[in-house]
Amino acid sequence: MEKVKQYFTDMNKEKGLQIGAVVLAAVGIIGALVFFFTNCMNLTATKRYNAYFALIFIVMIALTVYLARILVLNKNWSYPRLFVILAIGWTFCMQLVMPPISGPDEVQHYYSAYHCSNIMLGMKDHNLSMDTSKLGSWVQDESFFYMRAEDYYMMPYLDVTFPYQYAILAQGNFIKHADEMQENIECKIAPSKASRYLVSGAGITVARLLGFGFAGVIFMGRFFNSLSLIIAGYIALKLLPVGKHQLFTFALFPGVLHLCSSYSYDNMSILFSLALFTLVLYYSQPHVKLHAWDIIILAGCVVILIPNKIVYALFAVWFFAIPLKKWWTDVVLSKKWYEYTILAILGAGLVVVGRKIIIKYYYVIMQSVFWKYEGGIETDSTRDALTWGYFKAHKLETLKFAWDGIKVDFWYNINHIIGRELGHVMLNAQVPWACIIVMLICLLVGLIFIKGNRIKKWQMVVLGLGLVMCVTAIFIGCMTRFTPAEGSQRIQISFRYLIPVYMCMCIGLGTDAKENKLALALIYIQNIMLIFSMCGLLHFLFHLRDGMPAPFEM
């Protein structure tokens, strides 16, 4: 007792921080436990159903205790190692709280990822078009690929309204499978480009080779998407010269966690944009030598981005954030024949690919913007498309329309990028406003008060130019592809397009500060907010069908 009294008598900032950390941990843990026993625990349900939610809360409490221990005992920590631990824990929780098919367009993404898995396993598509003008293309209601009967027939049963989806997954076949449904059957759902689903497709492939059941297969694809975030974040935090805290904070926003824990191929856009941005900043450092094969890695990031979102190809302008002197001294003057050979191949490839892209998209832009082209663009039938001719005839009207859209979209996208509303448009599961505001404050405080050296101003200009070009291209796309469904009678840029933009902008504005108490305290506060975010999501989903009959007994 005397030691406790002495502890509080000699109060200082360090002890105040320790007491604050313990209080916050107690608030988070007690709040989580109260929520679990009052909302999740169901004595009439099965043990597996209760264990499903118990796992979520055990992980959340374990992460909080781990962080509190580091903060209170002043333990050494590092951004990469801490990120891996927290990212594994929070992506696991997010996958269970927002389970399969809750994400944007996730039903279609699942079938497309399964189709990609078939390609990896050497299984071909059938009844493709034999028309010479579109040879090998998908024919509606005729073409098909094979799916295991269990994975095909059980998918619709998962497509029920919350909270009854939890019971299906809790009782689902993870390791075991239905022996009577192992034959392959035809699936005539047209898949999207397989190159977008390499990561989730690989996860499904592993699960199928291991003989997992339906629940194991569908979760494994999502787990691989989460694993890509964890690996990419770890490598980026190892290599980034600036903005490590900003990346850490941004990657653990509920919106990013949800997209990278679902089947959405937006995770490919986010992670390869991050990879390109990280490598450009890494190679721009004076002590890092640039080789010709490094340029292949940079070009590879751009090439992978193109089939996901073509506008991200504009990020290639970031190459010029690497000082031109390094290109000359490290590569051109290397006097190594193989580096010259690589440069020649890259140059020839750039000419060929650039020519195709310019020719193709020149006509797309001309058809979309400078004259009205019926059939190529989906537009609002109640008014003219925003072509160049329409703009010249209605300048003020068009500019006002665009400005109104920008004002609304700015707050809409900030809101959704952090993760105020999660899931597909028919779900929109809500995270408490207070959590979103506190996490945004943590990001801004880190940007302003974590002191250190920043990148050079001319590099900020180059990196900013790439971001502005990308946003402009996205905005023009929205102007020329306006539809009531997408735009709700106004321009609306999809927040998923802007996540790489905001993420890279925040990293670029960060400093080279090392791990410190302020950074750890902000991470700790965000962790507490994530606990309440998960509880808020569960509360919203539990009450989604209040007053409506249950489709089955839990």
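Residues numbered from 1 in each chain as written. Predicted model: local features only at pLDDT ≥ 70, side-chain atom pairs only at ≥ 80, totals over all residues. Heavy atoms only, no water.

(A) Quick peek at the overall build of the protein. Broken down by element type, the protein carries 23 helices and four strands. Per-residue burial for the protein yields a buried fraction of 49% across its 554 residues. Of the contacts made within the protein by residues no fewer than 6 positions apart, 81% connect residues no fewer than 24 positions apart. Total accessible area on the protein is roughly 26,600 Å²; 68% of this is exposed by carbon and sulfur atoms. (Helix = DSSP H or I, 4+ residues; strand = E, 2+ residues; numbered from the N terminus. Buried < 20%, exposed > 50% of the residue type's maximum accessible area, 1.4 Å probe, protein only. Contact = heavy atoms within 4.5 Å. Areas by Shrake-Rupley, 256 points an atom, 1.4 Å probe, with all protein chains shown as cover.)

(B) Seen up close, a nonpolar patch on the surface. Taken together, the side chains of L33, F37, M41 and L43 make up a nonpolar region of the molecular surface, amounting to roughly 430 Å² of accessible area. One can find L43 in the loop between α2 (13–40) and α3 (47–72). A relative accessible area of 77% places L43 in the exposed class. (Patch = residues over 30% accessible without salt bridge, like charges linked within 9 Å, V, L, I, M, F, W, Y side chains within 5 Å. Salt bridge = Lys/Arg side-chain N within 4 Å of Asp/Glu carboxyl O.)

(C) Spatial organisation of the pattern of salt bridges. Under the criterion given, the structure shown has three salt bridges. Across the pair E150 and R148 runs a salt bridge whose closest N-O atoms are separated by 3.8 Å. Summarising the burial analysis for this pair, E150 and R148 share the class buried. Connected via shared salt-bridge partners are R148, E150 and D151.

(D) View of unusual backbone geometry. Positioned with a positive phi, I101 is a non-glycine residue whose angle comes to about 70°. Judged by relative accessible area, I101 falls into the buried class, the value being 6%.

(E) Structural view of the side chain of H109. Within the element layout of this structure, H109 appears in helix α5 (residues 106–120). Of the residues examined, H109 reaches a relative accessible area of 6% and is grouped as buried. With sequence-adjacent residues up to four places away left out, H109 is seen in contact with P104, Y197, Y263, S264 and Y265.

(F) Local environment of the packing of helix α10 (residues 214–239) against helix α13 (residues 266–283). As a packed pair, α10 and α13 sit with axes 10 Å apart at the nearest point and diverge in direction by 10°. Put simply, α10 runs roughly parallel to α13. Of the two elements, α10 crosses α13, and the hand of that crossing is left-handed. Here N225, S228, L229, A232, A236 and L239 of α10 come into contact with α13, specifically with N267, L271, L274, T278, L279 and Y282. (Axes fitted to C-alpha atoms, helices over the stretch in contact; angles between N-to-C directions. Parallel < 35°, antiparallel > 145°, perpendicular 65-115°, else oblique. Left-handed = near helix turned anticlockwise from the far one by under 90°.)

(G) Local environment of the packing of helix α9 (residues 198–209) against α10. Between α9 and α10, whose axes approach to 7 Å, the crossing angle comes to 135°. The angle between α9 and α10 places the two elements in the oblique class. Crossing angle aside, the handedness with which α9 passes α10 is right-handed. Of α10, the residues touching α9 (which contributes V199, S200, A202, G203, I204, V206, A207 and R208) are G216, V217, M220, G221, F224, N225 and S228.

(H) Region of interest: the nonpolar core. Judged by nonpolar contacts, the single largest core of 147 residues is most densely connected at F53, F57, W90, Y110, F250 and W318. The element that contributes the greatest number of residues to this core is helix α23 (residues 517–542), accounting for 15 residues. With residues up to four places along the chain from it excluded, the contact list for F57 reads A32, F35, F36, C40, C535 and L538. (Core = buried A, V, L, I, M, F, W, Y, C linked by side-chain atoms within 4.5 Å.)

(I) Seen up close, the environment of R454. Structurally, the position occupied by R454 is in the loop between α19 (433–449) and α20 (457–480). Along the primary structure R454 and A513 are separated by 59 residues, whereas in three dimensions their C-alpha atoms are 9.2 Å apart. Other than its neighbours up to four places away in sequence, R454 contacts L447, M460, L509, G510 and T511. Within polar-contact distance, the side chain of R454 engages the backbone oxygen of L447 at 3.1 Å. (Polar contact = N/O pair within 3.5 Å; in protein donor to acceptor, adjacent residues only side chain to side chain.)

(J) Quick look at the confidence of the model for the protein. For the protein, mean pLDDT is 81; residues scoring 70 or higher make up 82% of the total. Element-level mean pLDDT values for the protein span from 39 in helix α21 (residues 484–487) up to 95 in helix α11 (residues 244–251). Across residues 371–380 the pLDDT falls below 50, and counting only partners more than four positions away or on other chains, this stretch makes 23 contacts in the model. For the stretch residues 482–491, pLDDT sits under 50, and the model shows 31 contacts to residues farther than four places along the chain or on other chains. (pLDDT = per-residue confidence, 0-100.)

(K) Inspection of the packing of aromatic side chains at higher detail. Going through the model one piece at a time under the given rule, you end up with 22 aromatic pairs. Here W77 and Y79 contribute two aromatic rings whose centre-to-centre distance is 5.1 Å and whose plane-to-plane angle is 80°, an arrangement assigned as edge-to-face. By way of ring pairs, the aromatic residues F35, F36, F37 and F57 are connected into one cluster. (Phe/Tyr/Trp six-rings, centres within 6.5 Å; stacked < 30°, edge-to-face > 60°.)

(L) Fine view of helix α14 (residues 292–305). For α14, with 14 residues, the first-to-last C-alpha span of 21 Å sits near the 20 Å given by 1.5 Å per residue. A292, D294, I295, L298, C301, V302 and L305 are the residues of α14 that are buried. The buried residues of α14 occupy an angular sector of 160° when projected down its axis, which confines them to one face. (Expected span 1.5 Å × (residues − 1). Arc of directions from axis to C-beta.)

(M) Region of the structure containing α3. With 26 residues, α3 ought to run about 38 Å at 1.5 Å a step, and its terminal C-alpha atoms sit 36 Å apart, in line with that. Just past α3, the residue N74 takes up positive phi, approximately 55°.

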